[in-house]
Amino acid sequence: MTKPLPYMNICAVIQSSGTGKSRMAHEQAKLVYTLPINIRGTFGINVAYPPSDGSLHKYLVRVYGNAEDSKKRYVVFFHSLFSHAAKELERLYASQPRQSQGDFASIWRDHMSDPVYRQSFYAKVVESCVSASMDNDWRVSITKAQSRLSDLIETLNQRCKSTSEVKIVIYIDEAQELKNDFLYDEKHRTPLDILCSVVAEFHKHPLYCLLLSTQPSVQVLVPPGPAAASERAQVHSETLLTTVTETPFDCAPDIMISPGVLRLEDLVEITYLAKWGRPLWWSTMNKKHPSKDRPLVDAQYFVQTARMKLLRSNDIDAPLEEVSEIPLTAVVDVLLALDFDPSLEATYHRQAEMVTSHMRIAYSFPQHCEYFISGYPSEPFLAEAAAQQIHVYQKQANPGDPDVMVQILGRGFQRPWIDLGEHGEVVMRLLLMRAYMDGVQAEQTSSWNLNFSQGCNLVTFIQQLFSQEPADEILDSQPDNMVLDATFRNTFKDSVVRFTHFVEAGDTSALTTEALFAAFARGMAFICGRTQKYVDFAVPILLDKSATLQESSMSVILVQLKRRCKTRDEMSYAFYQEDIGLFPDVDDESSHRPYFILVAELGAEKQKGRAKQKGSRGKQKGKARQSTPPADVYVSQQPDSKANLHPHETHPRFIATVYGCSGTLYEAIGDNDAAYQRLLTLHDFLDDHPHQNSESRSAVMQLKPLWRYGEDSYDWVESEILNED
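No experiment lies behind these values; they were computed from the predicted model shown. (Residues numbered from 1 in each chain as written. Predicted model: local features only at pLDDT ≥ 70, side-chain atom pairs only at ≥ 80, totals over all residues. Heavy atoms only, no water.)

Scanning the protein chain from terminus to terminus reveals 24 helices and 17 strands. Taken over 725 residues, the protein chain has a buried fraction of 55%. Residue pairs in contact within the protein chain that sit at least 24 positions apart in sequence constitute 70% of those at least 6 positions apart. Working note: accessible area of the protein chain is about 32500 Å², and carbon and sulfur atoms make up 50% of it. (Helix = DSSP H or I, 4+ residues; strand = E, 2+ residues; numbered from the N terminus. Buried < 20%, exposed > 50% of the residue type's maximum accessible area, 1.4 Å probe, protein only. Contact = heavy atoms within 4.5 Å. Areas by Shrake-Rupley, 256 points an atom, 1.4 Å probe, with all protein chains shown as cover.)

Shown next as structure tokens:
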């Protein structure tokens, strides 16, 4: 074992609600003798899990005087805790034979799981603290507490056969309660800082302390060395234990799915959606009614509960304008997978609040703790709840108003804590998600039991994504890589898309039909831009709604997003499925699966005089272009000769290139072009400048923070081109 140093015996476990932090600590108590502590505040009736140790909350959390006084109180507490624990072990195990460490720990765990026993035990501990006399010098008291800890360890060695380097674990649940107030000292320390400094005094003993919390303010819980309130923590910063985020996920007992078993109708049930993600979902839905063969919790009620947790509010039907920015952003984030700029302090605080209060998952806290990584992973049940919450807000909107997701994102984009480079991608994901949700609503007959996880017909999806004219062009298009008497509409008439949320692809596996089979099962679409040259988003397609779910039943919409002010030739973006290894190389019926490529140039409008390229549609390839009015949509058409066919391609390729971001193209935009254009406009740092008059903006630009056309940058050069605004 590494030589013990101060603070090496303390570790924080930080994670969102419902992820099993408390249960994880409770389960490890079967392995090592554990003293569990929960200091959650008891406001009225205490119904939260696990229950709070009320007497300890009153003693440990309250602020008393300065740091010196608080340190004395905590030293007295641990002295009393160790003394009473040793006495209880003597009383409970005096006549029992020596046992293995695991058996001994499990028996003690069972004792502490009895709420009456646990309450009585901690009441005695606190009573001894209150009646104890404190030494003037806390160092004298800490020596006595260390002696009591040695006695407890000796008792443990006598009662159990311990092979572990750690003999005792203390875990403090809801540890953020100890940082709510500051002590009366010049360092602005919190009770948690003082408690950690006392625990660090036991670093030479085989004792380990876990701090459990939903609060990611690591600088306050267990701060990095240079920022630590303790000088010893600063000195030994390289040996401080890092924050733990690794908690159970995707661990339901019936989580495995097999090819050829599930059908579309099996994917709709709430019990199915609850399989994935944090343990809270499946553990709740698996509870059975004691007298009836059904879940103890009503499925729709549980969806409402998830909405409450996502908003951290019981008023889930409150008007949009009465809900603050962060919970609204959380709802949209679940669906669209937003990307935040980690370099901004505002990002840190917003992410921290979403982890603490709005179900966001903390992925990693780097050793330096300057930022942390978090997000909303694939949790189909939470995504269904978020979609239903957006539906509530959309119903409240006035006819003609922008999509509520546009309104919500507009708030965040005004201050650029959402990654600026992502605006175009976010807008496209928003349009895709809105088309899907509208498609689901168009096909569902029951409005009172709306379920966005049921999927919608691909033709319906195209009709909801695009306005009538471009939608008809796409639906009447033909594959451009083979002679086939089929249109998009007929080819995909029985096909279904199903995605309630977007997830980030980490490698090229997302663009295989095996991964698309898995994605369809979870109701997710892939964001591929960081791992793929050709594809930004991949939306899985079940080719036949009556088929069982498996790789051979799958295809895809491949979305390629371009953000240009000027257009390029339509076919310059074209690629084939073999370029990305989409379909397996087999010679059977599945080798003829169709797929759809959508190229979206959100920032471009067709240039004046630019003609539709009839030749590339296959009808006059190689001939001069005909002059036709400017077009917003270019769709594939069947080639008229075998000479224009791809030599090895057997999968029909449908492709459409769409220019612009307006209501004439996209159905969801309607008459709100300006609202979407604002989201597409790159944020200028001058937008946050306190002086917004033209003279002040010009004066800042004359400092040359960046170079643009105009006299602010080039007034020192004789050039009509550079000095033209």
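The structure having been displayed, the exposition proceeds.
What follows covers helix 2 (residues 54–61). The α-helix advances 3.6 residues per turn, and as a result positions three or four apart in sequence lie on the same side. Buried within helix 2 are the following residues: L56, H57, Y59, L60 and V61. Of the surrounding secondary structure, the elements contacted by the buried residues of helix 2 are strand 2 (33–38), helix 3 (67–93), helix 5 (115–131) and helix 7 (191–199).

By size, the foremost hydrophobic cluster in this structure holds 135 residues, and its most contacted members are F461, F526 and Y666. By residue number, the principal contributor to this core is helix 17 (residues 423–443), which donates 11 residues. Those residues in contact with Y666 that sit more than four places away from it in its chain are M428, L431, L465, F466, S467, A600, L602, V658, G660 and C661. With 57 residues, the next largest nonpolar core counts V126, L149, L152 and L211 among its residues. (Core = buried A, V, L, I, M, F, W, Y, C linked by side-chain atoms within 4.5 Å.)

The next thing to look at is the pattern of salt bridges. It is possible for side chains bearing opposite charge to pair when their charged atoms get close. Enumeration according to the criterion identifies 22 salt bridges in this entry. Here E325 makes a salt bridge to R350, at a shortest N to O gap of 3.6 Å. Of this pair, E325 sits in helix 13 (residues 325–336) while R350 sits in helix 14 (residues 345–357), and the two are 25 residues apart along the sequence. On the accessibility criterion, E325 (21% relative accessible area) is partly exposed. Taken together, the shared-partner salt bridges in this structure form one network comprising R23, E27, K30, R109 and D110. (Salt bridge = Lys/Arg side-chain N within 4 Å of Asp/Glu carboxyl O.)

Closest axis-to-axis distance for the helix 13/helix 15 (residues 380–396) pair is 9 Å, and the angle between their directions is 125 degrees. Judged on the interaxial angle alone, helix 15 and helix 13 are oblique. Every pair of crossing elements has a handedness; the one defined by helix 13 and helix 15 is left-handed. Contact with helix 13, carried on its side by L328, V331, V332, V334 and L335, involves L382, A383, A386, A387, Q389, I390 and Y393 of helix 15 and no other residues of that element. Its residues placed into classes, the contact of helix 13 with helix 15 shows 11 nonpolar, 1 polar and no charged. (Axes fitted to C-alpha atoms, helices over the stretch in contact; angles between N-to-C directions. Parallel < 35°, antiparallel > 145°, perpendicular 65-115°, else oblique. Left-handed = near helix turned anticlockwise from the far one by under 90°. Nonpolar A, V, L, I, M, F, W, Y, C, P; charged D, E, K, R; others polar.)

Before going further, it helps to examine the sheet that holds strand 5 (residues 168–173). Taking strand neighbours across the sheet as the criterion, the 4 strands line up as 1-6-5-2 in an open arrangement whose pairing is parallel. The sheet is open, and its two borders are formed by strand 1 (10–14) and strand 2, each paired with just one other strand. This sheet shows a mean twist of 20 degrees between the axes of neighbouring strands, independent of strand direction. Relative to strand 6 (residues 207–213), strand 5 runs parallel, the two being bridged by 6 bridges. Following the sheet pairing, I170 is matched in strand 6 by C209. Most of the contacts of helix 3 go to strand 2, to which it runs at about 130 degrees, and overall it touches strand 2, strand 5 and strand 6. Against the sheet, helix 7 makes contact with strand 1, strand 5 and strand 6, and its axis sits at roughly 160 degrees relative to strand 6, the strand it touches most. (Pairing = 2+ DSSP bridges.)

The subject of this paragraph is the packing of aromatic side chains. Counted according to the given criterion, the structure contains 31 aromatic pairs. With a centroid separation of 4.9 Å and 50 degrees between ring planes, the pair formed by W281 and F381 is classed as tilted. With W281 in helix 11 (residues 279–285) and F381 in helix 15, the pair connects residues that are 100 residues apart, well separated along the chain. Ring geometry for W707 against Y714: centres 5.4 Å apart, planes inclined by 50 degrees, an arrangement best described as tilted. (Phe/Tyr/Trp six-rings, centres within 6.5 Å; stacked < 30°, edge-to-face > 60°.)

Overall, the prediction assigns the protein chain a mean pLDDT of 85, with 85% of residues at 70 or greater. The low-confidence segment residues 218–223, where pLDDT is below 50, has 25 contacts with residues more than four positions distant or belonging to other chains. Counted against residues more than four places away or in other chains, residues 605–631, with its pLDDT under 50, gives 61 contacts. (pLDDT = per-residue confidence, 0-100.)

This next bit is on unusual backbone geometry. Glycine aside, residues mostly have negative phi, and peptide bonds are mostly found in the trans state. One non-glycine residue, D250, adopts positive backbone phi at about 55 degrees. By relative accessible area, which is 28% here, D250 ends up partly exposed. For R312, which is not a glycine, the phi torsion comes out positive at approximately 55 degrees. Its location among the elements puts R312 in the loop between helix 12 (299–311) and helix 13.

Bringing a nonpolar patch on the surface into the picture now. On the surface, Y363, Y371 and I373 cluster together to form a nonpolar patch covering roughly 260 Å² of accessible area. Within the secondary structure layout, Y371 lies in the loop between strand 7 (361–364) and strand 8 (373–375). For Y371, a relative accessible area of 32% puts it in the partly exposed group. (Patch = residues over 30% accessible without salt bridge, like charges linked within 9 Å, V, L, I, M, F, W, Y side chains within 5 Å.)

Glancing now at the state of the cysteines. Under the criterion given, the structure shown has 0 disulfides. Counting only cysteine sulfurs, C196 is the nearest neighbor of C209, a cysteine outside any disulfide, at a range of 6.8 Å. The buried category is assigned to C209, whose relative accessible area is 2%. (Disulfide = S-S within 2.5 Å.)

Take the pairing of strand 5 next. The element strand 5 is extensively covered by neighbouring structure, given that 6 of its 6 residues are classed as buried. The side-chain alternation of strand 5 yields two buried faces, one formed by I168, I170 and I172 and the other by V169, Y171 and D173. Bridge count for strand 2 against strand 5 is 6 bridges, and the pairing is parallel. In the strand pairing of strand 5, N38 is matched with D173.

Burial runs high along strand 6: 6 of the 7 residues are buried. Inspection of the sheet shows strand 1 paired to strand 6 by 5 bridges, in the parallel sense. Considered in strand 6, the bridge of C11 is made with L210.

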